[in-house]
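Residue-level structural notes
Residues per chain are reported as follows:
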Amino acid sequence: MSEISPAFGGSRVSRRQALGAAAVGAAAVGGLLAGSGNALAQVASAAVRVTEQRERAVVVGSGFGGGVSALRLAQAGVSTLVLERGLRWPTGPNADTFCRFANMDNRSAWLTDHSVVPGVDKTWTPYTGVIEAVEGNGMTANCGAAVGGGSIMYHGMTLQPTKANFAASMPMAANLYDELNLWAYPRVANMLGISTIPDDILKTDPYKSSRLFNDVATKSGLKPFRVPLPIDWSFVRGELDGRYAPTYTTSDIAFGVNNGGKHSIDVTYLAAAEATGRVRVATLHVVKDIAMDANKRWVLLVDRIDTAGVVQEKIRITADAVFLNAGSPGTTRLLVKSRAKGLIPDLPDSIGTQWGNNGDRIYAWIGMNGDAGTQQGGPACVGGAAPLSPIPLTIIHAGAPAALEGVKLMTVVGFGVVPAAGTWAYDATKDDAVLTWPLAADAALQTLIAARAVAGGGVMVDTNTAAPSTWHSLGGVPMGSAVDMNGRVTGHKGLYVLDGSRIPGSTGACNPSMTIAALAEHSMSRIVASDVGRVF
Ligand SMILES: Cc1cc2nc3c(=O)[nH]c(=O)nc-3n(C[C@H](O)[C@H](O)[C@H](O)COP(=O)(O)OP(=O)(O)OC[C@H]3O[C@@H](n4cnc5c(N)ncnc54)[C@H](O)[C@@H]3O)c2cc1C
């Protein structure tokens, strides 16, 4: 593996050389480092070095979009630098890589002094932990902050939407579906090694709640199915036969799976990309701004931080091509900032619009007709679809890591097609873009989800009422207006967006990762064919 911190490869040039070049002479860019009154200039001090670097292609973010981009660029012969703000989290049998739910610590949260889990009253020293909670008006967007992005702490539900549901969420991309179905979704499935829970595991005690879900789902008029997961089930068997400490079998996976066996992006797409020798991954590198220079090249202003978030070095990277894959909140924030600060001229007006939460909501299903048990195995391996619902929706059982003795409780997640009603606006006092989500936007969907579940017995408690949040942030840089169908930013050669930010609000009543990756595969095939060697 090519770990690149603090000094990474590529053609690093001296500050003097670079500053002397016309290529980095744009006033807006220079102002960010030398000027006064902005956050970057304030953070910079005499003690923080500023270095310059030249790259052909840079990928920002190492999740689904980033992993696919890096691998396909490398295979096309393009030397590529991946900038990732988070850390690597290597796992293996009986590892103690991630904190557990009952003993939550600073590894769970990105540079905060408190837990990002609502209701958990714990404080600590800030650390570059795995989840960032991006607080907006009416919605907190939770997202991954690690090498591998959201694949590190996600359950791994890997669902492909039906053609009709795909079109309901993404009408502008409906004509891509047949091709995605033919090769892009299968390619992702193959790379992630997905499979459903085997019968012998589903029969065991820890999966009692999953069996019960199948039973009550049918009574609720849902069509039960087993959820495809990127899991090596032999690791679950290792827990069941006592070789490994429980983590899958207790659903203690909210911050990552300690035992390993999960085919996350760091050990699949990124590992394959690095194995080509053309991809370098720079961890703890936070992209603060993106600008265009006088020669229409892309300039990334990057802070290299330590695990406490303290800036160790400021780096200005000039690149021929930039692939923004910082996730829906990350990419949207960067581009909304660039437009507001005039760092890139003529960015599309639609940047910062068409954001949605995928209808994602966590419910506690209490008193359903049967005992779900106190040990509820995971990852979320059974779900139910509602084929005739007026709004496409899916409900999946995700085991509770701390189910209560004597309480018949099962946690379920529901999601579906929602209007992409969220917007992001620049706030100069924070030097950041802030999300606003109208709470009523997914109300009709939630009414349908709750009614479905209740039909199976018991009551549904919406755990998001007090503090609305989502794990499924989507949109902000929508396809069809801000970017074309291949992720090219409108009017800006060499600038691409291939992550969840280009999907307007929902992914056809499915968890998003499979569709983000499949669309990235599709776009990269076009970009490699048309842009490599021509645009960059
Ligand atoms: C707890 C949790 C559970 C989930 N469960 C599921 C599930 O079971 N199934 C599913 O399909 N989806 C799930 N999701 C959602 C899924 O993880 C995301 O939809 C997916 O990861 C988004 O992919 P992406 O490529 O858009 O961005 P991400 O995977 O989020 O990757 C973005 C990367 O960019 C990095 N980054 C951000 N800003 C910067 C910056 N300024 N500089 C440098 N790097 C930056 C981040 O650290 C991150 O690594 C879950 C999410 C969470 C948080």
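Residues numbered from 1 in each chain as written. Predicted model: local features only at pLDDT ≥ 70, side-chain atom pairs only at ≥ 80, totals over all residues. Heavy atoms only, no water.

1. Re the sheet that holds strand β4 (residues 131–135)
With respect to topology, three strands assemble into an open sheet ordered β4-β5-β19, the strand pairing being mixed. Of all the strands in the sheet, just β4 and β19 (469–470) have a single pairing partner and so form its edges. Of the strand pairs in this sheet, β4 and strand β5 (residues 140–144) are connected by five bridges, and their pairing is antiparallel. Note that in β5 the partner of Ile131 across the bridge is Gly144. (Pairing = 2+ DSSP bridges. Helix = DSSP H or I, 4+ residues; strand = E, 2+ residues; numbered from the N terminus.)

2. Observations concerning the site of the ligand
Around the ligand sit 32 residues in total, of which Gly65, Glu84, Arg85, Gly500 and Ser513 are the nearest. At 3.5 Å, a backbone N or O of Gly149 approaches an oxygen atom of the ligand. Contact distances for the ligand include 2.8 Å between an oxygen atom and a backbone N or O atom of Gly500. When isolated, the ligand has an accessible area of 1000 Å², and the protein chains bury 94% of it. Contributions of two or more residues to the shell around the ligand are made by α4 (64–75), β8 (285–292) and α13 (513–530). (Near = heavy atom within 4 Å. Polar contact = N/O pair within 3.5 Å; in protein donor to acceptor, adjacent residues only side chain to side chain. Areas by Shrake-Rupley, 256 points an atom, 1.4 Å probe, with all protein chains shown as cover.)

3. A closer look at the packing of aromatic side chains
One pass over the full model with this rule turns up 11 aromatic pairs. When the centroid spacing of 6.5 Å and the interplanar angle of 85° are considered together, the rings of Phe213 and Trp365 count as edge-to-face. Of the two residues, Phe213 sits in helix α8 (residues 208–219) while Trp365 sits in strand β12 (residues 361–366), which places them 152 residues apart along the sequence. Judged by its relative accessible area of 0%, Phe213 is buried. Taken together through their ring pairs, the aromatic side chains of Phe166, Tyr177 and Tyr185 make up a single cluster. Geometry around Trp110 places Arg85 over its ring, the cationic atom sitting 5.1 Å from the centre. Between the NZ or CZ atom of Arg243 and the centre of the ring of Tyr244, over which it lies, the distance is 5.2 Å. (Phe/Tyr/Trp six-rings, centres within 6.5 Å; stacked < 30°, edge-to-face > 60°. Buried < 20%, exposed > 50% of the residue type's maximum accessible area, 1.4 Å probe, protein only. Lys NZ or Arg CZ within 6 Å of the ring centre and 35° of its normal.)

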